[in-house]
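Here's the letter readout for the chains.
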Amino acid sequence: MHRARVALNPAHVVAPVSRRTFGSFVEHMGRCVYTGIYEPDHPLADEDGFRTDVLALARELGVTMVRYPGGNFVSGYRWEDGIGPVEKRPRRRDLAWRSIETNEVGIDEFARWAEKADVEIMYAVNLGTRGVQEALDVHEYVNHPEGTHLSELRRANGAEKPYGIKIWCLGNELDGPWQTGHKTPEEYGLLAASTARALRSAEPDLELVACGSSSSSMPTFGTWESTVLEHAYEQVDYVSCHAYYEEFDGDLGSFLASAVDMDHFVNSIVATADAVGARLKSKKKINLSFDEWNVWYLSRFQNQSQNQPQAADWKVAPRVIEDQYNVADAVVVGNLLISLLRHSDRVTAACQAQLVNVIAPIMTEPGGPAWRQTIFHPFARTAALAKGDVLDLRIESPTYPTEKYGDAALIDAVATHDSTTGDVVIFAVNRDQEQPVEFSVDLHGFGGLTVAEAWTLTDDDLRASNTRDDPERVTLRPTASVPTGAVAISGETATLTLPRVSWSAVRLTRA
Ligand code: AHR
């Protein structure tokens, strides 16, 4: 059996766990909103038309913040279409997804949903077809207390108190040629800076996110951020990162190492932002908002849309990119969360894309049930267990060769330490496709610890999925009950036996 090891030290702290790491994303796209969070005719709908089964699953997932209303959708969106009497709201073309937007749900409805789900809203403004004035208008509507035209309109529409939205995305993926209103970095940097200045005159302590790269494979990766920040460095707090991963041509080894790319993405953009800061002689640090990340079988979507260009054209809530996730996908998602946590000193906000139906941990059938996809489980358990500080780990692990990333570690892990409870939690993946790996964790300096709980996601069939008919096929199981899985503590060393292609979370508590 291969062996890996690490020594934890309570003094080696990266940063506190940011609760915003466990963000998600609700876009007006496909069935994320309509028949996802909102389905007034559903037997489980509440008085506002929200599916209570989906609300319960969103809470169980542990989502803390939700980005809204897009995505590509937002770059052609008129926010004011979604306020006031529903019967008067216009039906519009959504050019991003060639769908029809009925506007039955707008910011007032979404704010009600967010309150019920107990999540913070991250609001994205349209800087594709719109600009500074419209950003100010929606800000006045949602955040201005009272006594102005738009704040009074909100009150007349039923929301007496402002929503107090703190974190704002200045557009979406404007580096991408597919984006309505795609811009050069100079154009976007100037627009982001002037929008940020205007928003800050209205409310100085907003947290503002400038668009970064839509993927690390964009030809402008790095130079986009550099130019945008040259213009907007002092005006914004974050630059965004977006990354989607999939298994190409059966290359499971590279796919399992997707977090290598996420690490590279974060390190490159931190270096880029810091270099701009140095050039500008600024004392300020720009953080990263990884506000779209997930596994997405994008190549299937692209092929499908090329073969059947009319398949989903101009429908209301069509089935778009409803990827069904398997065991390997869940292991990768767990690993991407490990990467995000490891960078908690600079990645202080992140959103898994998306929440329901559209490349999502939660699936629904119209009029039918809601269920958890495989990727639900590592997200929910990480959100529940990651508390206190993220520790800095130097893992010694054997490696394996990958097509895309060269030699990658077999074991990847992160750990958190809650000094108030004494709990230490280790999140670990084994990327070995053949055998378990024994991972020994030196806990010198933490006092006596015992195993409080240990969970593993794995399966003999790495392609197994959860479906409407078999919604619990893949779930977390106690590590000790999984073939080849084990956890033991002896003295100050914990030994985790991690099954092949698996994700695990082990919570240790004071003995
Ligand atoms: O999440 C799906 C889409 O992916 C979003 O609309 C867009 O921002 C990204 O390209």
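Look a little higher up for the structure.
Residues numbered from 1 in each chain as written. Predicted model: local features only at pLDDT ≥ 70, side-chain atom pairs only at ≥ 80, totals over all residues. Heavy atoms only, no water.

**Q** I'd like a description of the state of the cysteines, backed by residues and values.
**A** All told, the structure shown has 0 disulfides when counted by the stated rule. There is no disulfide at Cys32, and the cysteine sulfur nearest it, in Cys351, is 12 Å away. Take Cys169: it sits in no disulfide, and the sulfur closest to it among the cysteines is that of Cys351, at 7.0 Å. Classification of Cys169 by relative accessible area gives buried; the value is 2%. (Disulfide = S-S within 2.5 Å. Buried < 20%, exposed > 50% of the residue type's maximum accessible area, 1.4 Å probe, protein only.)

**Q** Outline the pattern of salt bridges, supporting the account with residue identities and numerical values.
**A** Applying the stated criterion across every chain yields a total of 38 salt bridges. Arg92 is the salt-bridge partner of Asp81, the closest N and O atoms lying 2.7 Å from each other. Of this pair, Asp81 sits in the loop between β4 (65–68) and β5 (92–94) while Arg92 sits in strand β5, and the two are 11 residues apart along the sequence. Salt bridges linked by common partners bring Asp46, Glu47, Asp48, Arg112 and Lys116 together as one network. (Salt bridge = Lys/Arg side-chain N within 4 Å of Asp/Glu carboxyl O. Helix = DSSP H or I, 4+ residues; strand = E, 2+ residues; numbered from the N terminus.)

**Q** Break down the pairing of strand β7 (residues 120–125) for me, with residues and values.
**A** Along β7, 5 of the 6 residues are buried, which leaves the element largely enclosed by surrounding structure. Pairing of β4 with β7, which is carried by 4 bridges, proceeds in the parallel orientation. Pairing of Tyr68 across the sheet is with Tyr123, part of β7. Note: β7 against strand β8 (residues 167–170), 4 bridges, orientation parallel. Counted as the bridge partner of Val125 is Leu170 from β8. (Pairing = 2+ DSSP bridges.)

**Q** Talk me through helix α3 (residues 132–143); I want residue IDs and the actual numbers.
**A** The end-to-end C-alpha distance of α3 is 16 Å, a good match for the 16 Å that 12 residues give at a rise of 1.5 Å each. Three or more residues of α3 are buried, namely Ala135, Val138, His139, Tyr141, Val142 and Asn143. Angularly, the buried residues of α3 cover 165 degrees about the axis, an arc narrow enough to put them on a single face. Residues of α3 that are buried in the fold lie against α2 (107–117), β7, α4 (149–156), β8 and α5 (185–202). (Expected span 1.5 Å × (residues − 1). Arc of directions from axis to C-beta. Contact = heavy atoms within 4.5 Å.)

**Q** Give a detailed account of the side chain of Asp418, specifying residues and quantitative values.
**A** Here Asp418 is to be found in the loop between β19 (411–417) and β20 (424–430). No salt bridge forms around the buried Asp418; measuring N to O, its nearest opposite-charge neighbour Lys387 is 6.3 Å away. A polar atom in the side chain of Asp418 sits 2.5 Å from the side chain of Thr420. Discounting residues that sit within four places of it in the chain, Asp418 has contacts with Lys387, Gly388 and Asp423. (Lys, Arg positive; Asp, Glu negative; His and termini not counted. Polar contact = N/O pair within 3.5 Å; in protein donor to acceptor, adjacent residues only side chain to side chain.)

**Q** Quick one: what's the story with the pairing of strand β25 (residues 493–498), residue by residue and with numbers?
**A** Across 6 bridges, the pairing between strand β21 (residues 437–442) and β25 is antiparallel. Residue pairing in the sheet places Ser440 in a bridge with Thr495 of β25. Note: strand β24 (residues 486–490) against β25, 5 bridges, orientation antiparallel. Following the sheet pairing, Ser490 is matched in β25 by Thr493. If you look at the hairpin formed by β24 and β25, you'll find 2 residues sitting between the two strands, and Gly491 has a positive phi there, around 60 degrees.

Limitation: the analysis is restricted to geometry and does not speak to function.
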